Amino acid sequence: MKRRDFLKNTSAAALAAMGATIPGTSFLSSCKRAGNEIESTADTVILLWMAGGMAHTETFDPKAYTPFEPGIESSRVLSTFPKSPTAVDDLFFSEGLEEIGSVMDKGTVIRSYRAADLGHILHTRHQYHWHTCYEPPQTIQVPHIGAWIAHERGPVNPVIPPFISIGQRFDVGEGEELKAYHSAGFLGSEYGPFLIPDPSSGLESVRPPVGMSIERFEKRHQLYRDLVDQSELGKHGSAYQKESMVRAMEKSYALLKSPESEAFNLKKEPEEIYREYNTGRFGLGCLLAKRLTEAGARFISVSTEYVPFMGWDTHENGHTRTVEMKKSINRPIAQLIRDLDRTGRLDRTMVILASEFSRDMMVEGRPGKTVKEQAKQPEVMQSISEYGMHKHFTDGCSILMFGGGIKQGHVYGKTADERPCSTVENPVEISNIHQTIYQALGIPPETHYTIEGRPVYTTPEGHGEAIPELFA
């Protein structure tokens, strides 16, 4: 599928969601029915999103290290970093992730996640799939996992938005495609993400613009209600969707006037703590996630941000770029885990680190599946810019999980030590990850709604299964 077709179909899905007639009886979630409740082990989820395709062999599943030298054969290189020990015996990460390694006695590394085979590889298609569990395109707008959790569990603190997304801008690169899954879909606008593109400006997100008084803002609030009635949603959307959009605005207005808005103010942190997190926008996003967890957010996503050919999207200079990406994530992630553990919140907060797929210098997609080559790798490397994991690899990826009932100091799954470094033990699919998270939150696997005569589950057809071996 071409990017233009993907965008066209997801836009159509958005309009379909707006126009859907959703009777109240269809919103009796199965998790609210007597007799099928499950015990939760977590109250909050923090997703640390490594946008762009983080290579497993360069991060949390290192293989044999081969240093660069001009004239080296590309096929000889499995990892471009040496291994480094962690806090867990016989568990090694790649060099540059020592701080995260030091807290692995508090978490689990999954080394056998297999991204879906979606044909021609587009980052935003795989990101859509990871965040919603549904392959695009869909005839309805499927909710983001954060929206499902926000709706099913409700807010921890009614003033704090239950679903907050930090670090991703929508005016760079593939903005419209990213918007396609940053949505609550048919669940309603009030469960959609509260967007904070720049964590250092988080407080500005909950304050009126400079020069606007509260009285003037209140007038705008009434105008907003009028505009909702006159909008496409007002004309063609269901009553539920219109009411949900108004409730979303009213909740934002309540936050504006509340003392809890100070949770978005990073200047309230002690200078020494601020310095530990301040490796850039992602690091400060982790600091904001800590503060919002303390204030009562339900689901928080912090992204390294997807911009084509930047960040983890290493189509060239893979090794050099990965050095810098590790510097941006290593210290703040470890500090986040330590801070949550120190205050006792890690027990009920699940922290997940993941990416849409992995990378390899020689293999595009999944071995045995033919997909379009998107990055050229010479058979023999002459320049350091050719040293690193450039192609998209979907057959073996790493995920970290901490807290919320997850085992400590545990390794699940395995990839081959030789190319292709594919999953060879305990394969994990995205439906397994989603249902593991939902189980931790106490959301039953049969949770679904009937939309336009179609039952829509948290995972496709409700077939996803949690991984019991991940829980303590």
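A. Representation of the packing of aromatic side chains within the structure. With the rule as written, the count across this model stands at 8 aromatic pairs. Considering the side-chain rings of Phe-60 and Phe-93, the 4.8 Å spacing of their centres and the 80° angle between planes classify their relative orientation as edge-to-face. With Phe-60 in the loop between strand S1 (44–49) and strand S2 (72–73) and Phe-93 in strand S4 (residues 92–94), the pair connects residues that are 33 residues apart, well separated along the chain. Looking at Phe-60, the relative accessible area reads 1%, which means it is buried. Between Phe-194 and Phe-264, the aromatic rings sit 5.8 Å apart at their centres with planes inclined by 50°, giving tilted as the arrangement.

B. Molecular detail of the pairing of strand S18 (residues 454–457). As defined by bridge partners, strand S17 (residues 448–451) adjoins S18 across 4 bridges and the pair is classed as antiparallel. Residue pairing in the sheet places Tyr-449 in a bridge with Val-456 of S18. Between S17 and S18, which pair antiparallel in sequence order, lie 2 residues; one of them, Glu-452, sits at a positive phi of approximately 50°.

C. Layout of the sheet that holds strand S7 (residues 194–196). Across the sheet, 8 strands lie side by side as S7-S6-S8-S1-S9-S13-S5-S14; this open sheet has mixed pairing. Only two strands of the sheet have a single neighbouring strand rather than two, namely S7 and strand S14 (410–412). Adjacent strand axes in the sheet meet at a mean angle of 15°, parallel and antiparallel pairs treated alike. Note: strand S6 (residues 163–166) against strand S8 (residues 299–303), 4 bridges, orientation parallel. In the sheet register, Ser-165 faces S8, and the bridge partner there is Ser-301.

D. Main features of helix H11 (residues 318–342). With 25 residues, H11 ought to run about 36 Å at 1.5 Å a step, and its terminal C-alpha atoms sit 36 Å apart, in line with that. Backbone geometry just after H11 places Gly-344 at a positive phi near 80°.

E. Geometry of the nonpolar core. Ranked by internal contacts, the top residues of the largest apolar core, which has 56 residues, are Tyr-113, Ile-149, Met-350, Ile-352, Ile-433 and Ile-437. The contacts of Ile-433, once residues within four sequence positions are left out, are Ile-110, Tyr-113, Trp-130, Ile-399 and Val-428. Leu-203, Ala-289, Ile-329 and Phe-402 belong to the second-largest nonpolar core, a separate cluster that totals 49 residues.

F. Structural context of the confidence of the model for the protein. Of all residues in the protein, 82% attain a pLDDT of 70 or more, and the chain-wide mean is 88. Low pLDDT, under 50, characterises residues 6–31; the stretch is placed with 62 contacts to residues that sit more than four places away or in other chains.

G. Focus on the environment of Val-424. Among the secondary structure elements, Val-424 is positioned in strand S16 (residues 423–425). Note: C-alpha distance between Val-424 and Asp-395 (29 residues apart in sequence) is 9.6 Å. If sequence neighbours within four positions are ignored, Val-424 has contacts with Lys-414, Thr-415 and Ala-416.

What counts and what doesn't
- Within any chain, residue numbers begin from 1 and follow the written order of that chain's sequence.
- Totals for whole chains, interfaces and linings use every residue, but because this is a predicted model, local features are given only for residues with pLDDT of at least 70 and side-chain atom pairs only at 80 or more, for both listing and counting.
- Hydrogen atoms and water are omitted, and side-chain values are computed over all heavy atoms in the structure.
- Working definition: a ring pair exists when centres of Phe, Tyr or Trp rings (six-membered ring for Trp) sit within 6.5 Å. Plane angles under 30 degrees give stacked, over 60 give edge-to-face, the rest tilted.
- Each helix is a run of DSSP H or I of at least 4 residues and each strand a run of E of at least 2, with the numbering of both proceeding from the N terminus.
- With a 1.4 Å probe rolled over the protein chains alone, any residue whose accessible area is under 20% of its type maximum counts as buried; one over 50% counts as exposed, and the rest are partly exposed.
- Two strands make a pair as long as DSSP finds a minimum of two bridges between them.
- Fitted lines through C-alpha atoms serve as axes, helices being fitted only where they are in contact, and the angles separating the N-to-C directions of these axes extend from 0 to 180 degrees.
- A helix is expected to span 1.5 Å for every residue after the first.
- Here, nonpolar core means buried Ala, Val, Leu, Ile, Met, Phe, Trp, Tyr and Cys residues that are tied together by side-chain atoms lying within 4.5 Å of each other.
- Two residues form a contact once any of their heavy atoms are found within 4.5 Å.
- A score between 0 and 100, pLDDT records how confident the predictor is in each residue.

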